[in-house]
Amino acid sequence: FKKKHNDEKQFTGFILTGIGAFIGFLSCVFTMLDLVPELRGFVLYGLTSIALVLILVGLYYIFE
């Protein structure tokens, strides 16, 4: 039971880390393209912050 529970948490961690990395990549691309100048601050700071939080939570689940 304990092994199955830890495997589920680790799988969730990998999913969260992957989503965070993808959002970080999109943030980088959207910042470089500067498609909507009015949203530059949100894309640069908001999406990057969300990506970092997801990556850190995912790493917590992986290494816990």
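Below, the structure is looked at part by part. (Residues numbered from 1 in each chain as written. Predicted model: local features only at pLDDT ≥ 70, side-chain atom pairs only at ≥ 80, totals over all residues. Heavy atoms only, no water.)

Here we look at the overall build of the protein chain
Using the following cut-off: For the purposes of this entry, the term helix denotes a DSSP run of H or I that reaches at least four residues, the term strand denotes a run of E that reaches at least two, and both are numbered from the N terminus. For this measure, only C-alpha atoms enter the radius of gyration; the expected value for a globule follows 2.2 Å times N^0.38, where N is the number of residues. The buried label goes to any residue with under 20% of its type's maximum accessible area, the exposed label to any with over 50%, and the partly exposed label to all in between, with areas taken from a 1.4 Å probe on protein chains only. It only takes one pair of heavy atoms within 4.5 Å for two residues to be counted as in contact. In this tally, Lys and Arg are treated as positive and Asp and Glu as negative; His is ignored, and so are the chain termini. Charge placement uses NZ in Lys and CZ in Arg. For Asp and Glu, CG and CD serve respectively.
Looking only at helices and strands, the protein chain features 2 helices and 0 strands. Over its C-alpha atoms the protein chain spans a radius of gyration of 15 Å, topping by over 25% the 11 Å that the globule rule assigns to 64 residues. Referenced to the eigenvectors of the C-alpha coordinate spread, the extents of the protein chain come out at roughly 50 × 15 × 10 Å. Looking at the protein chain as a whole, 17% of its 64 residues are labelled buried. Sequence separation of at least 24 residues holds for 78% of the intrachain contacts in the protein chain that already meet a minimum separation of 6. Between the centroid of the 5 positive side chains of the protein chain and the centroid of its 5 negative side chains there is a distance of 12 Å.

A word on the pattern of salt bridges
Going by this rule: Put simply, a salt bridge is a Lys or Arg side-chain nitrogen that is within 4 Å of an Asp or Glu carboxyl oxygen.
By the definition in use, this model includes 4 salt bridges. Here glutamate 8 ties to lysine 4 by a salt bridge, and the two come within 3.3 Å at their closest N and O atoms. In this pair, glutamate 8 and lysine 4 are both assigned in helix α1 (residues 2-33), 4 residues apart and thus about one turn of the helix distant. Residue classification places glutamate 8 among the partly exposed residues on the basis of a relative accessible area of 42%. Given the relative accessible area of 54%, lysine 4 is considered exposed.

Side note on α1
Because each turn of an α-helix spans 3.6 residues, side chains separated by three or four positions end up pointing in the same direction. Note the threshold: What a helix should span is 1.5 Å times the count of its residues minus one.
Under the 1.5 Å per step criterion, the end-to-end length of α1 is 47 Å for 32 residues, consistent within 8% with the ideal 46 Å. Burial in α1 covers these residues: Gly13, Leu16, Thr17, Gly20 and Ser27. Elements that come into contact with the buried residues of α1 comprise α2 (40-63). Looking at the residues trailing α1, positive phi occurs at aspartate 34, about 50°.

Some thoughts on the side chain of threonine 17
Here threonine 17 shows up in helix α1. Those residues in contact with threonine 17 that sit more than four places away from it in its chain are Leu54, Ile55, Gly58, Leu59 and Ile62.

Quick notes on unusual backbone geometry
Here the phi dihedral of aspartate 34 falls at roughly 50°; this positive angle occurs in a residue that is not glycine. Structurally, aspartate 34 can be placed in the loop between α1 and α2. Judged by relative accessible area, which is 27%, aspartate 34 ranks as partly exposed.

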